[in-house]
Amino acid sequence: MAALSNNINIAELGIASGKSWQEKYPNYKTDFITAEEYYNKHLVFRNNIIQQQQNEGERRGVTLQLKNANKTIDKAIPNLKNYLVEMYGKDSASSYFSTYGIIQTSRGLQFPTDNDARSNAIHLVIFAMSKENNPFKDRKYGLTFWESIHQEHRTAWEESKRIDGNRSILSNKLKIEKEEALKLQSRLRTQLKVSFPENYKSMWRDFGFQEEKYS
């Protein structure tokens, strides 16, 4: 978030200096960009920063949804294993675990922690419980439960991947836009110094550039 905050300061400076340029010095020209183009580039930069901030907020919300879904799943797995033990006995139950997506992990016999693999494991449970004579389908942690939590988990996981994809694309774009914004602001200050050698510092201030930061 600190990087986004720094970016917004850069964008706002560009917008302010672009506005001053257009309103106070509409006839001032440079050989590298027009006042309108300068202003608009910073405006696009700020809009993309705001979009990325929104993405960050959405990601936190979806992360919480996914975390809660996985907690519910983890709490249900022992009940699923108990169903199998009750039905097939302690010695034989483990041979049915894989049919219900339960595998040996570093945490013991569980669902995979990877969310794609976990979604597939729940699909196996649903497939098994959807069979006509399945003995667990109508129980508390039966077919209805697993269909519901599967939908909840899959929706949160797919949304998190979508947001992450958007964040990655926008992050690369913001990096380029930041570099361009800093370059444009530096070139404008340099041009003002050349155009107004006697009072360029006051011109910088009039454009929103702090004298003490650039002198």
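Up top is the structure these notes are about.
Engineer: Summarise the pattern of salt bridges; cite the residues concerned and give the values.
Structural biologist: Pairing between side chains of opposite charge can happen when the charged atoms of each approach one another. Counted by the stated rule, this structure contains 13 salt bridges. The shortest N-O distance in the salt bridge between Arg118 and Asp74 comes to 2.9 Å. Of this pair, Arg118 sits in helix H4 (residues 115–129) while Asp74 sits in helix H2 (residues 35–88), placing them 44 residues apart in sequence. Close ionic contact of Asp164 with Arg167 constitutes a salt bridge, the shortest N to O distance being 2.8 Å. Here the residue Asp164 and the residue Arg167 both occupy positions in helix H5 (residues 143–195), the gap between them amounting to three residues, near one helical turn.

Engineer: Pulling in residues and values, what's your account of the nonpolar core?
Structural biologist: Ranked by internal contacts, the top residues of the largest apolar core, which has 24 residues, are Ile73, Leu80, Tyr100, Phe111, Val125, Met129 and Trp146. Mapped onto this core, the elements with two or more residues apiece are H2, helix H3 (90–97), H4 and H5. Per element, the largest residue contribution to this core is seven residues, and it comes from H2. Leave out the neighbours within four places in its chain, and Met129 touches Leu80, Tyr100, Asn134, Phe136, Lys137, Tyr141, Gly142, Leu143 and Trp146. Listed in part, the 15 residues of the second largest apolar core include Tyr28, Leu184, Trp204 and Phe209.

What counts and how
Residues numbered from 1 in each chain as written. Predicted model: local features only at pLDDT ≥ 70, side-chain atom pairs only at ≥ 80, totals over all residues. Heavy atoms only, no water. Salt bridge = Lys/Arg side-chain N within 4 Å of Asp/Glu carboxyl O. Helix = DSSP H or I, 4+ residues; strand = E, 2+ residues; numbered from the N terminus. Core = buried A, V, L, I, M, F, W, Y, C linked by side-chain atoms within 4.5 Å. Buried < 20%, exposed > 50% of the residue type's maximum accessible area, 1.4 Å probe, protein only. Contact = heavy atoms within 4.5 Å.

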